[in-house]
Amino acid sequence: MEYDAGFTKDNKWFRYRAAAIIVEDGYVLFAGNERDDYIYSIGGGVHLGETAEDAVKREVLEETGVNYEIDHLAIIHENFFAESSGPLLANLDCHEIAFYFVMKPRGTRELNSDSYTQGARETMHWIPIAELDKYKAFPTFMKEYLLTEHSGIEHIVTDERI
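Reading guide: rules and limits
- Residues numbered from 1 in each chain as written.
- Predicted model: local features only at pLDDT ≥ 70, side-chain atom pairs only at ≥ 80, totals over all residues.
- Heavy atoms only, no water.
- Salt bridge = Lys/Arg side-chain N within 4 Å of Asp/Glu carboxyl O.
- Phe/Tyr/Trp six-rings, centres within 6.5 Å; stacked < 30°, edge-to-face > 60°.
- Helix = DSSP H or I, 4+ residues; strand = E, 2+ residues; numbered from the N terminus.
- Buried < 20%, exposed > 50% of the residue type's maximum accessible area, 1.4 Å probe, protein only.
- Lys NZ or Arg CZ within 6 Å of the ring centre and 35° of its normal.

Draft legend 1. Representation of the pattern of salt bridges. Scanning the model with the defined rule gives 12 salt bridges in all. With a shortest N-O distance of 2.8 Å, D114 and R121 are connected by a salt bridge. Here the residues in one salt-bridge network are K12, D93, D159 and R161, joined through shared partners.

Here's what the structure looks like:
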């Protein structure tokens, strides 16, 4: 069994995450599941002893059924949030460090997804970038990020506890 690089201490939870930014023809790929009322970026916990690059490729394959290639590291995201529901994070003060990698486009939005997260079936959603703000989607910075020019790696901090 693999273990994610993270821990829980009292009512605080920390996780090291690798995530993907997958864009095809003006659409960005997000995941959802049958339990939560929001969609989220493709990715997951980095396993102990695993690189972020290996983790994002593994997570993307697990969630989409497709071997995407990494283009480049784009964002280091410090995310603070409080979770009040769900079996894993109920009533915890959460702190997550995520590395976001832009994946190389494949020229198709066809996927082969058969993914589950914490026992809930996941579904993949191609969302038009221009309409992303109409969805309850995390991370919340994604639309603005995708609609602006960037050079180098960006450091973004969000605090959803407010």
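Having seen the model, we can carry on.
Draft legend 2. Representation of the packing of aromatic side chains. Applying the stated criterion across every chain, the model contains six aromatic pairs. Aromatic pair Y38 and F138: ring centres 5.4 Å apart, planes at 85 degrees, arrangement edge-to-face. With Y38 in the loop between β4 (27-33) and β5 (39-45) and F138 in strand β10 (residues 137-138), this pair connects stretches of sequence that are 100 residues apart. The class for Y38 is partly exposed, based on a relative accessible area of 22%. One aromatic cluster is present, formed by Y38, Y40 and F138 through successive ring pairs. The side chain of R106 reaches across the aromatic face of Y68, ending 5.2 Å from its centre. Just above the ring of Y27 sits the side chain of R109; from NZ or CZ to the centre is 3.9 Å.

Take it as geometry only, folks, not as evidence of what the structure does.
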